[in-house]
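# Breakdown of the fold
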Amino acid sequence: MSLDLLRSSLALKIIGSLFIAVTFFYLGMHWSDGYQQLVFFSDPNPNRLVSTSPNFDKQFNVSALINDFQPPPEVALESPQPEVKKFGIVSENGTMSEDFEVGNEWVNETEVASTEDDGGGGGGGGSSTRFVIKRFGLCPRNMSEYIPCLDNEEAIKKLPSTEKGERFQRYCPEKGRGLNCLVPAPKGYRTPIPWPQSRDEVWFNNVPHNRLVEDKGGQNWISRDKDKFKFPGGGTQFIHGANEYLDHIAKMIPEITFGRHIRVVLDVGCGVASFGAYLLSRNVLTMSVAPKDVHENQIQFALERGVPAMASVFATRRLLYPSQAFDLIHCSRCRINWTRDDGILLAEVDRMLRGGGYFVWAAQPVYKHEEALEEQWEEMLNLTTRLCWNFLKKDGYIAVWQKPSNNSCYLNREEGTKPPLCDPRDDPDNVWYVNLKACISRLPENGYGTNVTEWPARLQTPPDRLQSIKFDAFTSRAELFKAESKYWNEIIGQYVDTLRWKEMRMRNVMDMRAGFGGFAAALISRKFDCWVMNVVPVSSTNTLPVIYDRGLMGVMHDWCEAFDTYPRTYDFLHAANLLSAERKRCNMSSIMLEMDRILRPGGQVYIRDSIAIMDEIQDIAKAMGWQVTLRDTSEGPHASYRVLVCDKHLLHA
């Protein structure tokens, strides 16, 4: 009985609810037919619960509004794309796809409206700007090893003299005549052999040149074995191997403790960089340098092996490294006349050598007793004495000197001694297109740069020269240094967790706007088996001295120009706040084409920058055939920054 009553009550409730719903639906339909809508607002008057819309009693022709709509000036409709020639992309497993278009130009037009104040506030004139982005085509095959600022034959032919090595210096193409295509890989190019195996062998097709095998094979530099080059680890003065040679140096001078006091080294005339390659296992970073001369591919071999290197020459300009950068500078049969022009080249070595640092010279004048070579040895002893270097020891074919740690010897030399001290107004860290000077750079009286902490503690220790960096800051420099290190350590931690960075192929890395080197330091702290070229743009504060003092390496560069390296030499490019900073000075497409040139197929680019420029960057990246993914930063979707992740594929004509 009670169950029946319950059921009848429930049925009545359901019927009542349906009746109320139908009634309100009918009233709503009637109310909307021919009447203006009521809009509910939050109103400051607490006694009023409902307000009528401001559009009450106004009629609108919605159809006319839709038909007459035109996009606002800042929103452009993409123009039709012309038919383009298609090329395939070779995937890692060797298959081809046809989803990439390259060749003809396509146009993306953006109308930019501007207004002028006409005095009445009622309007103004307008103008439009047309931006054209190309689908970049492949360069000719003979440009596969093109270095724009070192291969400018037109400029080289106009040089008044080349006797001092001028032809091997930078001469960039004139504005408007730079790279405008994608540099192709050589025929048969393969994914590079990974480190550490690459130290000992690389694919022949990736650097298809036998010249060094023919010239230097007997000196244990390099050999050819079918489809690979092999590197036995020897050099002209250490044919029995770099490890034995390094042990010899350490035994000669026990104070040369590789991986402790000696952390950053410059190898001049490096060959295929076996000296630097074997120092890596001793926790030493070596900048291996050589000109693009008759052995023009030696730097390319070094980078293909996964060893830090760049094209550079002792000629008439300063090298692009700061003062007191290197703990040790090495020259083994580097074919440089150190004593010419009042010792101007050795004075440049002195500028870059840290106070108390070592110069190691392995050359024929050290050990041969021919008259001409003995004269060269005496000239070298005389010059190094005038430089105040302390000759430590000669053993076999190796001689070692040490630079003083202060200026006392310089100040006590006889008047008129050459080379003289540089003018106090000379900045020894000013290196971009600065001519060499036959003078000795003074050491800071406060010892800055000379007294650095041992490795590995120096990586995270704020160095003294941090106080010499010229920039305005309300926070102490030491706090900024530590904050940058912490910031990048956390960011890379997120990349490891969310983007699987530990699985990435990352050996040769470039940080294109390095700051204090915090990004590179974080990679070391997190045990990435890679090295980082820290680039400090000329438009930024010069932080290179700090980068070297913490045991890292880097170089000064202007991103409006090409970098001095071969194509396909970096696995990973990192650009944080670079493009937004340089877009007023440089052509954005030119910078990104240069990034494509130096990036290996299969490599990645991380661009962390303002959301305001991301559309433009994505357009350029897609026009180069990169696969792009735009990601939020850790600050979330409403942050003003984004991370653009770009993957480069191997283009196959």
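Going by the structure above, here's the rest.
To start, this report covers the structure provided alongside it. Only a predicted model underlies this, so the values are computations on that prediction, with no experimental measurement involved.

Calculation notes
One numbering rule holds for all chains: residues counted from 1, following each sequence as written. With the structure being a predicted model, the display of local features is reserved for residues of pLDDT at least 70 and the display and counting of side-chain atom pairs for 80 or more, all residues being used for whole-chain, interface and lining totals. The side-chain numbers reported here are obtained from all heavy atoms of the structure, hydrogens and water having been left aside. Here an angle of 0 to 180 degrees is reported between the N-to-C directions of two axes, which are lines fitted to C-alpha atoms, with helices fitted over the stretch in contact. Runs of E in the DSSP output that reach at least two residues are strands. Runs of H or I that reach at least four are helices, and both are numbered from the N terminus. Relative orientations are named as follows: roughly parallel for angles under 35 degrees, roughly antiparallel for angles over 145 degrees, roughly perpendicular for angles from 65 to 115 degrees, and oblique for any other angle. Definitions for this section: a left-handed crossing has its near helix turned counterclockwise from the far helix by less than a right angle. A right-handed crossing has that turn clockwise. Only heavy atoms matter for contacts: two residues are in contact if any of them lie within 4.5 Å across the pair. Polar here means any residue other than Ala, Val, Leu, Ile, Met, Phe, Trp, Tyr, Cys and Pro, which are nonpolar, and Asp, Glu, Lys and Arg, which are charged; Gly is therefore polar. Within this scheme a cavity is a closed region of a 1 Å grid, computed over the protein atoms alone, that accommodates a 1.4 Å probe without allowing it to escape, whereas a pocket is open but has protein on both sides within 12 Å along at least five of seven lines; lining residues each have an atom within 4 Å of a point. Grid points are joined across faces, edges and corners, and a volume is the space filled by probe spheres set on the points. Buried residues of nine kinds, namely Ala, Val, Leu, Ile, Met, Phe, Trp, Tyr and Cys, make up a nonpolar core once their side-chain atoms join them within 4.5 Å. A 1.4 Å probe rolled over the protein chains alone gives each residue an accessible area, and that area as a share of the maximum for its type sets the label: buried under 20%, exposed over 50%, partly exposed in between. Here is the rule: rings of Phe, Tyr and Trp (six-membered ring for Trp) pair when centre to centre is within 6.5 Å. Planes less than 30 degrees apart are stacked, more than 60 are edge-to-face, and the remainder are tilted. Any two strands are treated as partners once DSSP identifies two or more bridges connecting them. With strands facing away from the observer, any crossover in which the path from the first strand over the helix to the second runs clockwise is taken as right-handed.

For the pair helix 16 (residues 588–598) and helix 17 (residues 614–623), the least separation of the axes is 10 Å and the interaxial angle reads 50°. Relative to helix 17, the element helix 16 is oriented oblique. Relative to helix 17, helix 16 is oriented so that their crossing is right-handed. For the pair formed by helix 16 and helix 17, the contact residues are Met588, Ser589 and Met592 on the first element and Glu616, Ile617, Ile620 and Ala621 on the second. Among the residues making up the contact of helix 16 with helix 17, the classes are represented as five nonpolar, one polar and one charged.

Now for the layout of surface pockets. Considering only enclosed or pocket space, the second largest pocket measures out at about 970 Å³ in volume. Around the second largest pocket, the lining is made up of 48 residues, and of these Gly269, Arg333, Cys334, Arg335 and Ile336 lie nearest the centre. Elements that contribute at least two residues to the lining of the second largest pocket include exactly strand 8 (264–268), helix 6 (274–279), strand 9 (285–290), strand 11 (326–332), helix 8 (340–352), helix 9 (364–367) and helix 10 (371–386). Sorting elements by how many residues they give to the lining of the second largest pocket places helix 10 first, with four residues. Counted by class, the lining of the second largest pocket contains 23 nonpolar, 16 polar and nine charged residues.

Our next topic: unusual backbone geometry. The peptide bond linking Lys418 to Pro419 adopts the cis configuration, its omega dihedral lying at 0°. Here Pro419 is to be found in the loop between helix 11 (408–411) and helix 12 (477–499). The omega torsion across Trp455 and Pro456 is 10°, close enough to zero to call that bond cis. Mapping Pro456 onto the fold places it in the loop between helix 11 and helix 12.

The next thing to look at is the nonpolar core. Tyr321, Trp338, Phe359, Trp501 and Ile607 are the most contacted members of the largest nonpolar core, which totals 145 residues. Apart from the residues within four sequence positions on either side, Trp338 is in contact with Val268, Phe314, Cys331, Gly343, Leu345, Leu346, Val349, Phe359, Trp361, Met380 and Leu383. Grouped together as the second largest cluster of nonpolar side chains are ten residues, Val202, Trp221, Ile222 and Phe301 included.

Take the packing of aromatic side chains next. Taken as a whole and assessed by the stated rule, the structure comprises 31 aromatic pairs. Here Phe359 and Trp389 contribute two aromatic rings whose centre-to-centre distance is 5.4 Å and whose plane-to-plane angle is 45°, an arrangement assigned as tilted. Of the two residues, Phe359 sits in strand 12 (residues 353–362) while Trp389 sits in the loop between helix 10 and strand 13 (390–395), which places them 30 residues apart along the sequence. Between Phe519 and Phe572, the ring centres sit 6.5 Å apart and the planes meet at 10°, which makes this aromatic pair stacked.

Turning to the pairing of strand 16 (residues 531–537), a few remarks are in order. Among the seven residues in strand 16, seven count as buried, and that is most of the element. Burial of the side chains of strand 16 extends over both faces: Trp531, Met533, Val535 and Pro537 are buried on one face and Val532, Asn534 and Val536 on the other. Relative to strand 16, strand 15 (residues 508–511) is paired through four bridges, and the arrangement is parallel. Following the sheet pairing, Asn508 is matched in strand 16 by Trp531. As a crossover connection, the stretch from strand 15 through helix 13 (residues 518–525) into strand 16 is right-handed. The β-α-β motif built from strand 16, the intervening helix 14 (residues 544–549) and the parallel element strand 17 (residues 554–557) has right-handed crossover chirality.

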